[in-house]
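# Architecture at a glance
Chain by chain, the residues:
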Amino acid sequence: MNTTKHGVVPYITAREGEEADSFLALRASFDEAGRSRLAYWDEIPADRDVRGVLWARVSQAIGADRLPAGVPKWRLVHPARQRECMLTLRCQVCVDDARTPEGILFLESKRDGIPAASTTIRTAQPPLCRRHARVAAQRCPYLAAHGHIALLAQSAPLYGVIGTPHAYTVNGVKVLAADDVPLRYGDPALRWFLASQLVRTLRSFRVVDLDDIAPAAGPGSS
């Protein structure tokens with residue numbers, strides 16, 4: 001998290017100057033089982049996640065304090081930082097551990113109403129610590145536009161990824177039309193998928209009021 005003239009900037013927010021790697025860096029390859037898949041010409045282990053899915057490369061603008069620096073792109077999320085916070089269940093604003101004895105706090109859009117306890121919720125929004133829940137609700141354009149719902153989940157297992165499908169044609173690697181529907185881990189289509197967001201399923205959750213659980217914002221928190 002940075003506090004700049006733009007106020008508090010969430011850790012996962014993309015910054016000006018951070019650029020995606022060239023499409024030309026991609027190629028067709030084969031996995032250990034001999035199946036074709038998408039790969040990088042100069043691939044390293046960090047390019048794939050814990051389930052072997054290839055991730056989009058985007059440069060990082062890091063300051064002397066080892067935190068993201070530069071003008072924020074409020075509507076964009078950096079793939080590597082989103083993946084880091086989602087994988088380790090750390091706050092998307094300050095990167096502190098978001099796990100508590102009461103559960104893990106997530107914010108979701110209010111666009112579809114209040115979810116029932118039996119509703120299956122899959123989210124690409126990393127969790128939040130209580131200190132920065134209000135900050136995220138205010139800073140996220142989507143949540144600000146539709147309103148937010150705060151959920152305390154007892155369990156949030158990994159589900160899959162959101163990203164861009166690719167295919168191999170006679171002309172080489174081709175980018176296919178993408179949507180925001182997550183692909184579940186284990187789906188064969190993931191071999192030709194370039195991930196940009198990690199997705200978890202929220203289980204055993206309850207709807208809570210941020211006024212009841214989130215501490216008041218202190219200096220440097222808004």
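Residues numbered from 1 in each chain as written. Predicted model: local features only at pLDDT ≥ 70, side-chain atom pairs only at ≥ 80, totals over all residues. Heavy atoms only, no water.

## Quick look at the pattern of salt bridges
Defined as follows: Every case where a carboxyl oxygen of Asp or Glu lies within 4 Å of a side-chain nitrogen of Lys or Arg is listed as a salt bridge. Helix numbering and strand numbering both begin at the N terminus, where a helix is a DSSP run of H or I of at least 4 residues and a strand a DSSP run of E of at least 2. Using a 1.4 Å probe on the protein chains alone, a residue whose accessible area is under 20% of its type maximum counts as buried, one over 50% counts as exposed, and one in between counts as partly exposed.
Using the criterion set out here, one finds nine salt bridges in the structure. Measuring nitrogen to oxygen at the nearest pair gives 3.2 Å for the salt bridge that ties Arg57 to Asp21. In this pair, Arg57 is assigned in the loop between strand E5 (36–40) and strand E6 (72–77) and Asp21 in the loop between strand E3 (13–15) and strand E4 (26–30), connecting sequence segments 36 residues apart. With a closest N to O distance of 2.9 Å, Asp31 and Arg35 form a salt bridge. On the basis of relative accessibility, which here comes to 43%, the residue Arg35 falls in the partly exposed class. Via salt bridges that share partners, Asp21, Asp42, Asp47 and Arg57 belong to a single interconnected network.

## Digging into the side chain of Arg200
Where we set the bar: In this tally, Asp and Glu contribute negative charge and Lys and Arg positive charge; neither His nor the terminal groups of the chain are included. We call two N or O atoms a polar contact when they sit within 3.5 Å, provided that within protein one can donate a hydrogen and the other can accept it, with sequence-adjacent residues counted only if both atoms are side-chain atoms.
Take Arg200: it is sitting in strand E14 (residues 193–208). Buried charge Arg200 goes without a salt bridge, the closest partner of opposite sign being Asp97 at 10 Å. Within polar-contact distance, the side chain of Arg200 engages the backbone oxygen of Met86 at 2.8 Å. Here Ala156 takes part through its backbone oxygen, which lies 2.4 Å from a polar atom of the side chain of Arg200.

## Section: the packing of aromatic side chains
Selection rule: Only Phe, Tyr and Trp rings are paired, with Trp represented by its six-membered ring, and only when their centres lie within 6.5 Å; those with planes under 30 degrees apart are stacked, over 60 edge-to-face, the remainder tilted. Two limits define a charge over a ring: the Lys NZ or Arg CZ must be within 6 Å of the ring centre, and within 35 degrees of the ring normal.
The final tally for this structure, using the stated rule, is one aromatic pair. Between Tyr168 and Trp192, the ring centres sit 6.2 Å apart and the planes meet at 40°, which makes this aromatic pair tilted. Of this pair, Tyr168 sits in strand E11 (residues 158–169) while Trp192 sits in the loop between strand E13 (183–184) and E14, and the two are 24 residues apart along the sequence. In this structure Tyr168 comes out as exposed when scored by relative accessible area, which is 55%. For Trp192, a relative accessible area of 12% gives the class buried. Taking NZ or CZ as reference, Arg51 lies 4.9 Å from the ring centre of Tyr185, over its face. In this structure, Arg57 is placed above the aromatic ring of Tyr40, and the distance from its NZ or CZ to the ring centre is 3.9 Å.

## Here we look at the pairing of E5
We apply this condition: Any two strands with at least two DSSP-identified bridges between them are counted as paired.
With four of five residues buried, E5 is to be regarded as a mostly interior element. As paired strands, E4 and E5 are joined by five bridges and run antiparallel to one another. Paired with Leu26 across the two strands is Tyr40, which belongs to E5. Here E4 folds back onto E5 in antiparallel fashion, the turn holding five residues, of which Gly34 has a positive phi close to 85°.

## Here's the deal with the confidence of the model for the protein
Do not read the fine detail of predicted coordinates wherever pLDDT is low. What counts is decided by this rule: For every residue, the pLDDT score states the predictor's confidence, bounded by 0 at the bottom and 100 at the top. Contacts between residues were defined by any pair of non-hydrogen atoms, one from each residue, lying within 4.5 Å.
When the pLDDT values of the protein are averaged, the result is 90; 93% of them are 70 or greater. Per-residue pLDDT, averaged within each element of the protein, yields its smallest value for strand E1 (residues 2–4) (58) and its largest for E13 (98). A low-confidence stretch, residues 216–222 stays under pLDDT 50, and its non-local contacts, those more than four residues away or across chains, total 11 contacts.

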